[in-house]
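# Tertiary structure, described
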Amino acid sequence: MSLRINDEAPNFTAETTQGPIDFHKWIGDGWAILFSHPKDFTPVCTTELGYMAKLEPEFAKRNTKIIGLSVDPVTSHSKWSADIEETQGAKVDYPMIGDPELKIAKLYDMLPADAGNSSEGRTPANNATVRTVFVIGPDKKIKLMLSYPMSTGRNFDEVLRVLDSIQLTSKHQVSTPVNWKPGEDVVVPAAMSEDDVKKKFPGGLRTLKPYLRFGTQPK
């Protein structure tokens, strides 16, 4: 099944390092970050999981849960977590999904249907495509997908920035320009009514073209 932005994130039940979950129920009425890994005890992923542990309070401020996935059993994840804490100086307090039968990796279109049904005997290279970040909204729809090669560590500060943009734009019906950071001007859609413009941007707009207008970030 091919997934696209605005598709509903496929639901699943799975074992995690914090017990069994129903994914949609676990998300609840907030946001979620699902990020996947091709194998336990891989060096790049070890650094990523540790950094996400450090960022977890920032995601929590944004009503966002984080959850990892690796195509190995939960028992292996628990041992890996000890290595992550030792080497990265951060304890993984968020759940890590076990996917030893590759069901979720296939459900999220990260592995082909003919990839087999067991993580046993598979190498990270076999699972190289299980390197995607999904941002999922309270409506359970996919808002962002970012896929990385195994050799390149992911930039989770960028994921945080994108989350800020998505939450802002979904609330205020504006857009954010290239390299936008929180607090900077936003793009005002040309279709926004003049009444809405006056309400949301009492200080007025900076107009470069009829279709390119900027205003102060709404509160």
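Structure: see above.
We now turn to the structure provided with this report.

Thresholds applied
Residues numbered from 1 in each chain as written. Predicted model: local features only at pLDDT ≥ 70, side-chain atom pairs only at ≥ 80, totals over all residues. Heavy atoms only, no water. Helix = DSSP H or I, 4+ residues; strand = E, 2+ residues; numbered from the N terminus. Contact = heavy atoms within 4.5 Å. Buried < 20%, exposed > 50% of the residue type's maximum accessible area, 1.4 Å probe, protein only. Pairing = 2+ DSSP bridges. Axes fitted to C-alpha atoms, helices over the stretch in contact; angles between N-to-C directions. Parallel < 35°, antiparallel > 145°, perpendicular 65-115°, else oblique. Left-handed = near helix turned anticlockwise from the far one by under 90°. Nonpolar A, V, L, I, M, F, W, Y, C, P; charged D, E, K, R; others polar.

## Considering the environment of Ala190
Looking at the element boundaries, Ala190 is found in the loop between strand 8 (186–188) and helix 6 (194–200). Ala190 sits 22 residues away from Leu212 along the chain, and the two C-alpha atoms are 7.3 Å apart. Setting aside chain neighbours within four positions, we find Ala190 in contact with Pro210, Tyr211 and Arg213.

## Observations concerning the pairing of strand 4 (residues 64–70)
Within strand 4, six of the seven residues are buried, leaving the element largely enclosed by the surrounding structure. Examined bridge by bridge, strand 3 (residues 31–37) and strand 4 share seven bridges and lie parallel to one another. Across the sheet, residue Ser36 finds its bridge partner in strand 4, namely Leu69. Strand direction decides the pairing type here: strand 4 and strand 5 (residues 96–98), joined by three bridges, are parallel. Bridged to Ser70 within strand 5 is Gly98.

## Brief notes about the environment of Asp29
Looking at where Asp29 falls in the secondary structure, it is placed in the loop between helix 1 (23–27) and strand 3. The class of Asp29 is exposed, set by a relative accessible area of 70%. Along the sequence, Asp29 and Pro124 sit 95 residues apart, while their C-alpha atoms lie 34 Å from each other. Residue contacts for Asp29: discarding those within four places in its chain leaves Asn63 and Pro138.

## Things to note about the packing of helix 2 (residues 43–61) against helix 5 (residues 156–172)
Their axes nearest at 10 Å, the elements helix 2 and helix 5 cross at an angle of 30°. Considering their axes alone, helix 2 and helix 5 lie roughly parallel with respect to each other. Between helix 2 and helix 5 the crossing geometry is right-handed. Between helix 2 and helix 5, the residues in contact are Glu48, Tyr51, Met52, Leu55, Glu58 and Phe59 and Phe156, Asp157, Val159, Leu160 and Leu163, respectively. Each residue belonging to the contact of helix 2 with helix 5 can be placed in one class, and the counts come to eight nonpolar, no polar and three charged.

## Observations regarding the sheet that holds strand 8
Consider a sheet: its strands pair through backbone hydrogen bonds, and that pairing is either parallel or antiparallel. Read from one edge of the open sheet, three strands run 8-10-9, paired in antiparallel fashion. Two strands lie at the open edges of the sheet, namely strand 8 and strand 9 (206–209), each paired on one side alone. Pairs of neighbouring strands in the sheet enclose a mean axial angle of 35°, with direction left out of account. Where strand 9 lies against strand 10 (residues 212–215), three bridges are found, and the strand directions are antiparallel. If you follow Arg206 over to strand 10, its bridge partner there is Phe214.

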